[in-house]
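# Structural characterization, general
Read off the chains here:
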Amino acid sequence: MSSKEDILKRIHANTRQQYDMPDLSLNAIVYEDKLKTFIEVLKAAGGEAYVMQPDDDLNAVIRRFYPEAQRIGSNLNEITCATFNPDELEDPRELNGTDVSVVKGEFGVAENAAVWLPCQYRYKAVYFISNALVILLDRQELVNNMNEAYRRITNADYSFGVFMSGPSKTADIEQALVFGAHGPIRVTVILI
Amino acid sequence: MKVGLFIPCYINAVYPEVGVAAFKLLKQVGVDVDYPLDQTCCGQPMANAGFENEATRLAVRMEDLFQSYDYVVGPSASCVAFVKENHPHILEKAGHVCANSKKIYDICEFLHDVVKPESLPAVFPHKVSLHNSCHGVRELHLSSPSEMNIPYYSKLRNLLSLVKGIEVFEPKRVDECCGFGGMFSVEEPEVSVCMGHDKVMDHISTGAEYITGADSSCLMHMQGVIKREHLPIQTIHIVQILAAGL
Amino acid sequence: MSTKHSIAAARFIENRPQEKWHDETLWMVRAKRDKQSKSLPEWERLRDLASAIKMYSNSHLETLLQEFEKNAIANGAIVHWAKDAEEHNQIVYDILKEHQAKNLVKSKSMLTEECEMNPFLFSKGIDVVESDLGERILQLMDLKPSHIVLPAIHIKRQQVGEMMEEKLGTEKGNFDPTYLTHAARKHLREKFLHADVSMTGANFAVASTGEIVVCTNEGNADMGTSFAKVHIATFGMEKIVPNREALGVFTRLLARSGTGQPITSYTSHYRKPPKGCEFHIIIVDNGRSEILAQPDHVKTLNCIRCGECMNTCPVYRRSGGYSYTYFIPGPIGINLGMLRNPEKYADNVSACSLCLSCSNVCPAKVDLGEQIYKWRQDLDRIGRANKQKKLMSAGMQYLMERPALFNTALKFAPLVNHLPRFMVYNAVNAWGKGRELPTFAKESFNELWKKNKVK
């Protein structure tokens, strides 16, 4: 008997009372001003938010946040400040040393400032390896909470996707909060 | 409405004044209360130590003692909780159906939910810190447990609001365990003492003169720490405050 | 009447400043959790739902696991089934061998701890690198985690700094957490870039999509899986959730409970292997199917490993993770240890005052304290009841079943009040460690009542 058959047989023999799947409907929290909440929670998570003004130039805004950046990676046409397109690299290791990556988020979640990022790059490393990550997000694309978020992607097709909330962090040394454990040290969400 | 007063073993032996105050208090609020003689123990110490079967005959005995009463009321939340939560399955194993579990109340719960007095003659011009005991809070629901997202309430605080001159405080860790835990206190004495010390210090930090609560066992534990360390606070059972002056 | 736990706990408490720091730091995490839980009006409903979903999924594992496998295979993953730790470790090793891998970079997984995978792979010559900062610190110090979410909570910055001076060549005497963390970032970056194979656990495995979900704050799972050509994900079968909608409930509870954050920095969904890469998934039983047959304990399978029961446990906070003999400490560890091997892990059952705070904080409503009470009832049967305690309990029973004898005892009890201190507070009197005995009343309540003195 294969291990699979053996395990399934044991599960079958040992399962006692069977319970029904509960009705998942609930009155989950909604926010009066999702944008305001998103920005507040993002700050608390160590991230930065910037709301684009009518006269703003996107590339100038990115440059203002990261004036020192030398290697800026993006596959987005509108990101003219990018110095290279990560999709053209033959090896994801070449991404090491990237100062800023610019990516697009699909939607944001007000309750926890997470942005849903289904991988839009040849290498998912783009989302994690640079010292700073800039996420472009349509400010109309905000949901209140994770229940709404998952309903929105119930049947979405992706290879890899991540809900990302602020920069990489750790408190493993005496519970002292430090940003940039492995991933981006800074995360800037630009709300368009 | 006939009420049988339940006096747990250690109150009988160490804190008879708590039993006396409970009796006076129930009388004062117009309850027909009686004490069935020769009570001993509900069996909790043995069961919590892992010898639940040793509680069976004690549970049967309690059933007999309180058979003729409409309510069983006791001044010890933990013992009451044990009867309520555990006597049913202990008795079931011995072929009995537990009657006490449905009619037993901690005295504060009974006053608050059943008698509902609008006033008491008690005067107690002191600062007290409320000891929200584990089983009182998490089994008998005498107050809102700090872990849960439900509106704040405290039946003890409500009752104390009937006492003139009193000022009520609560410790920072509002319902953290005092470390008694029955046999736990002697099986894990270092942790138990450490918890007791921390809890007493938290009560002292409120500026209170007294620690008060519905559980004499917790109070006994904290009193042991206070006496050993000569700390500037005293313990008093809540019924002694509610019955002050009677 | 001591247990291994109580002895180790006493040692932990001897260093009172460290004990106090440990207690207060973990209490702070509990306070952060309270703040988060109270920010959601639907918190208690979420806990109810989490529990109900787990009760459903754990009682439908037979169908859900097969649904998961079918979908995972359709996604391009290779699915393995492991009956026990040995088979699990062998599967991992076989994959490594097949790819001639010399090193493995892994993120935190309680399951690989449970299977004692690292020592096994080391013995086969594989360099296993833990990539969670806390786990890496412990690995370099040759220590085990003392908490399932905050593995290095018992280590001080100076110890970390001194170790890093030696192992990573950091500046002498620089114990700044930011400096040390960034030094570790550099060190592990190299490991990530040159990993042959990467490994992760899984917080959730979604039956309807065949994907696995990994939650981290550091992004170490994501970095690890970004460069190696092979990703192995392993999970205990109770990690299955029926669909993405159910994830909505759990991802709202997990980090709020565990660390007091609204969500972890990264909630990563691994569904299909990147082009040219392999994605292996191992479904592990290792005793879980046996738990299904124990109605009193089946709810332990609800556990989502948030670690909050440790943070709230007044005993854990004051005794530290190493005082427990099972590799998972605290309330959930006491229970899982007993389910693993009750004879071997019975020493942990004393580490509970039955305050029930754990049952109240648990996001999936595992009745942790109530189950510990039940395990205590089994100790005598399995021959692990403490003799002295048993004697005390039996003596008490004898006395309490005889009211006349009890009343007589009460009459004479006040004599104890007058015994010389050395007789009352001797070495065998555990109560006397740090506490005065209560004073027996001159007349018991029963006596007062008989004499008609209660009016």
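Residues numbered from 1 in each chain as written. Chains lettered and ligands numbered in written order. Predicted model: local features only at pLDDT ≥ 70, side-chain atom pairs only at ≥ 80, totals over all residues. Heavy atoms only, no water.

Within the fold, Asp 175 of chain B resides in the loop between β6 (167-169) and α10 (184-187). Not counting residues up to four positions away in its chain, the partners in contact with Asp 175 of chain B are Asn 132, Val 137, Arg 138, Ser 144, Pro 145, Ser 146, Glu 147 and Lys 199 of chain B. (Helix = DSSP H or I, 4+ residues; strand = E, 2+ residues; numbered from the N terminus. Contact = heavy atoms within 4.5 Å.)

Our focus in this paragraph is the arrangement of the chains. Of all two pairs of chains sharing an interface, the pair with the highest contact count is chains A and C. Nothing in chain A touches chain B, and the closest approach of their C-alpha atoms is 14 Å.

The phi angle at His 141 of chain B is positive, at roughly 60°, despite the residue not being glycine. Structurally, the position occupied by His 141 of chain B is in the loop between α8 (134-138) and α9 (155-160). The partly exposed category is assigned to His 141 of chain B, whose relative accessible area is 42%. The phi dihedral of Asn 286 of chain C is positive, around 45°, even though this residue is not glycine. You can see Asn 286 of chain C is positioned in the loop between β10 (278-284) and α13 (288-291). (Buried < 20%, exposed > 50% of the residue type's maximum accessible area, 1.4 Å probe, protein only.)

Another aspect to go through is the UniProt feature "domain: Cysteine-rich" (unreviewed entry) in chain B. In this structure's numbering, the residues bearing the UniProt feature "domain: Cysteine-rich" (unreviewed entry) are residues 3-82 and 128-223 of chain B. For the annotated span residues 128-223 of chain B, helix accounts for 41% and strand for 11% of the residues, and the straight-line distance between the end C-alpha atoms is 15 Å. (UniProt positions renumbered as here; feature names shortened; annotations may be inferred.)

For the structure on display, the rule yields 28 aromatic pairs over all chains. Arranged with centres 5.1 Å apart and planes meeting at 70°, the rings of Trp 116 of chain A and Tyr 158 of chain A form a pair that is edge-to-face. Placement of the pair is Trp 116 of chain A in strand β5 (residues 114-118) and Tyr 158 of chain A in the loop between α5 (146-152) and β8 (160-164), with a sequence separation of 42 residues. For Trp 116 of chain A, a relative accessible area of 1% translates into the label buried. On the accessibility criterion, Tyr 158 of chain A (5% relative accessible area) is buried. One aromatic cluster is present, formed by Tyr 121, Tyr 127, Phe 128 and Phe 160 of chain A together with Tyr 266 and Tyr 270 of chain C through successive ring pairs. The residue whose ring lies beneath Lys 2 of chain B is Tyr 69 of chain B, and the NZ or CZ to ring-centre distance is 5.2 Å. We note Arg 271 of chain C situated over the ring of Tyr 158 of chain A; from NZ or CZ to the ring centre the distance is 5.6 Å. (Phe/Tyr/Trp six-rings, centres within 6.5 Å; stacked < 30°, edge-to-face > 60°. Lys NZ or Arg CZ within 6 Å of the ring centre and 35° of its normal.)

So, on to the interface of chain C and chain A. Between chain C and chain A, the contact holds 88 residues from the first and 74 residues from the second. Counting the surface chain C buries against chain A, the share from its top three residues, Arg 185, Arg 244 and Tyr 266 of chain C, is 10%. In this assembly, chain C and chain A are joined by nine salt bridges. Glu 290 of chain C is the salt-bridge partner of Arg 10 of chain A, the closest N and O atoms lying 3.9 Å from each other. On inspection of chain C and its partner chain A, the count reaches 49 residue pairs in polar contact (both at pLDDT 80 or more). Broken down by element, the residue count for the side of chain C that touches chain A peaks at 10 residues, all from helix α10 (residues 177-193) of chain C. Of the residues contributing to the side of chain C that touches chain A, the split by class is 41 nonpolar, 25 polar and 22 charged. (Buried area = accessible area lost by both parts, 1.4 Å probe. Salt bridge = Lys/Arg side-chain N within 4 Å of Asp/Glu carboxyl O. Polar contact = N/O pair within 3.5 Å; in protein donor to acceptor, adjacent residues only side chain to side chain. Nonpolar A, V, L, I, M, F, W, Y, C, P; charged D, E, K, R; others polar.)

All names here are of chain C. Running from N to C, helix α1 (residues 4-14) and helix α2 (residues 16-37) point in directions that differ by 100°, and their axes come no closer than 5 Å. Here α2 runs roughly perpendicular to α1, going by the angle between their axes. Every residue of α2 that contacts α1 at Phe 12, Ile 13 and Glu 14 is listed here: Arg 16, Glu 19 and His 22. For the contact of α1 with α2, the class distribution of residues is two nonpolar, one polar and three charged. (Axes fitted to C-alpha atoms, helices over the stretch in contact; angles between N-to-C directions. Parallel < 35°, antiparallel > 145°, perpendicular 65-115°, else oblique.)

This brings us to the sheet that holds β6 of chain B. Residue and element names in this part refer to chain B. One open sheet holds the four strands; their spatial order is β6-β5-β7-β8, and the pairing between them is parallel. In this open sheet, the two edge strands, each paired with only one partner strand, are β6 and β8 (234-237). The sheet shows a mean angle of 35° between the axes of neighbouring strands, taken without regard to direction. Direction of pairing for strand β5 (residues 127-131) relative to β6: parallel, over a ladder of three bridges. From the neighbouring strand, Ser 129 faces β6, where its bridge partner is Phe 169. (Pairing = 2+ DSSP bridges.)

The subject of this paragraph is helix α9 (residues 157-168) of chain C. Residues and elements named next belong to chain C. Looking only at α9, the buried set comprises Val 160, Gly 161, Met 163, Met 164 and Glu 165. Buried-residue contacts for α9 involve α8 (133-141) and α10. Count one or two residues on from α9 and you reach Gly 169, which has phi positive near 70°.

This brings us to the domain arrangement of chain C. It is common to report an interface's size as the accessible area lost on association of the parts. Residue and element names in this part refer to chain C. Once the domains are mapped, chain C shows domain 1 (4-30 + 292-378), domain 2 (60-85 + 102-119 + 196-291) and domain 3 (394-450). Placing the centre of domain 1 and that of domain 2 at their C-alpha centroids yields a distance of 25 Å. Listed as interface residues are 19 residues of domain 1 and, on the opposing side, 18 residues of domain 2. Overall, the association of domain 1 and domain 2 removes approximately 1700 Å² of surface from exposure, summing both partners, and the carbon and sulfur fraction of that is 63%. (Domains from an automatic or database assignment.)

What follows covers the nonpolar core. In this structure, Phe 38 of chain A, Phe 6 and Leu 26 of chain B together with Phe 68 and Ile 212 of chain C are the most contacted members of the largest nonpolar core, which totals 213 residues. Once you skip the residues sitting within four places of it in the chain, Phe 68 of chain C turns out to touch Ala 205, Val 206, Ala 207, Gly 210, Glu 211, Ile 212, Phe 235, Ile 240, Ile 281 and Ile 283 of chain C. Counting 35 residues, the second largest nonpolar core, distinct from the first, contains Ala 28 of chain A together with Leu 40, Val 206 and Ile 304 of chain C. (Core = buried A, V, L, I, M, F, W, Y, C linked by side-chain atoms within 4.5 Å.)

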